[in-house]
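# Topology and contacts: notes
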Amino acid sequence: MKFEFELAALRARVLAQLAGNAGVILVAAPDSRADAAAVARHLARSLADSGRGALLVEAASAPTGLAGHCGGQLGSLAHALESEPPRPGPGELEVLGGTLSPDRIANPSLSAWLRGNGGLVVLLTADLGLTADAIALCGAADVALLAVADGMSRRNHLQAAVEDLRAAGRDPLGLVAAPPRP
């Protein structure tokens, strides 16, 4: 019950920050201890369960673990980038992912494609300590969340991640307790 309450509170904070039904929510972890993929998946599912269409996109140059959370229901982001972004209907969740080259992640066309969805996009990137994916995608995001492993994430990693996001122009909305990576 506590987890559902936390998800509802997080969903409410994100939607209040977006001031509407459209926007891109960036989810990243400062290091490899937290399972940011679990946070992104649960947030996207919660948004869809509230009656909105949601698109969960793994745009990373290194594995995030999202495939393990999706049970084979992960569509190819590389293939989807060749066409218009999907627009899930009310209550629907679509999941796209797969590793991309750092050049493709930093390319402004990816940001434009994400914004072209016109709905709610939960954007998952690789850990900040591993790649610069989150920093490259800050311009595409309306909201940034840091997934941290409760009691395991180090303060200096958290501070560095917050400073990196701020330097890229995005103040994190907050820290989200995530399960530790398996």
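Anyway, here's the lowdown on the structure attached to this text. (Residues numbered from 1 in each chain as written. Predicted model: local features only at pLDDT ≥ 70, side-chain atom pairs only at ≥ 80, totals over all residues. Heavy atoms only, no water.)

### Quick notes on the overall build of the chain
To keep it simple, the criterion reads: Secondary structure elements are taken from DSSP: a helix is a run of H or I of four residues or more, a strand is a run of E of two residues or more, and numbering for both begins at the N terminus. The globule rule used here is 2.2 Å times the number of residues to the 0.38 power, and the radius of gyration it is set against is calculated over C-alpha atoms. Each residue gets one of three labels from its accessible area relative to the maximum for its type: buried under 20%, exposed over 50%, partly exposed in between, using a 1.4 Å probe on protein chains only.
Within the chain, the secondary structure is distributed over eight helices and seven strands. For the chain, the C-alpha radius of gyration of 15 Å lies close to 16 Å, the compact-globule estimate for 182 residues. Its C-alpha atoms give the chain principal-axis dimensions of about 40 × 40 × 30 Å. Counting all 182 residues of the chain, 49% fall into the buried class.

### So, the pairing of strand β2 (residues 54–58)
Along a regular strand, successive side chains alternate from one face of the sheet to the other. Applicable threshold: Only strands that DSSP links by at least two bridges are regarded as paired with each other.
Across the five residues that make up β2, a large majority, five, are buried. Burial along β2 is two-sided: the face carrying A54, L56 and E58 and the face carrying L55 and V57 are both buried. In this structure, β2 lies alongside strand β4 (residues 93–97), joined through four bridges in parallel fashion. Directly across from L56, in β4, lies its bridge partner V95. Pairing of β2 with strand β5 (residues 120–124) involves five bridges; the strand directions are parallel. In the sheet register, L56 faces β5, and the bridge partner there is V122.

### Let's talk about the nonpolar core
Stated precisely, the cut-off is as follows: In this description, a nonpolar core means a group of buried Ala, Val, Leu, Ile, Met, Phe, Trp, Tyr and Cys residues linked to one another through side-chain atoms lying within 4.5 Å. Any two residues whose heavy atoms approach within 4.5 Å are treated as being in contact.
Formed by 31 residues in total, the largest nonpolar core has its most connected members in I25, V27, L47, V122 and L145. Sorting the residues of this core by element identifies α1 (2–18), β1 (23–28), α2 (36–49), β2, α3 (66–70), β5, β6 (143–149) and β7 (174–178) as the ones contributing at least two each. The dominant element in this core, judged by the number of residues it contributes, is α2, at eight residues. Aside from chain neighbours lying at most four places away, what touches I25 is V14, L18, L43, L47, L120, V121, V122, L123, V143 and L145. V24, L81, A144 and L165 belong to the second largest nonpolar core, which has 28 residues in total.

### As for α2
Worth spelling out the cut-off: Multiplying one less than the number of residues by 1.5 Å gives the expected span of a helix.
Between the first and last C-alpha of α2 there are 20 Å, a value that for 14 residues agrees with the 20 Å anticipated at 1.5 Å per step. Of all 14 residues in α2, ten are buried; the element is thus mostly enclosed. What α2 keeps buried is the set A36, A37, A38, V39, A40, L43, A44, S46, L47 and A48. Among the residues trailing α2, G51 stands out with phi positive, at a value near 100°.

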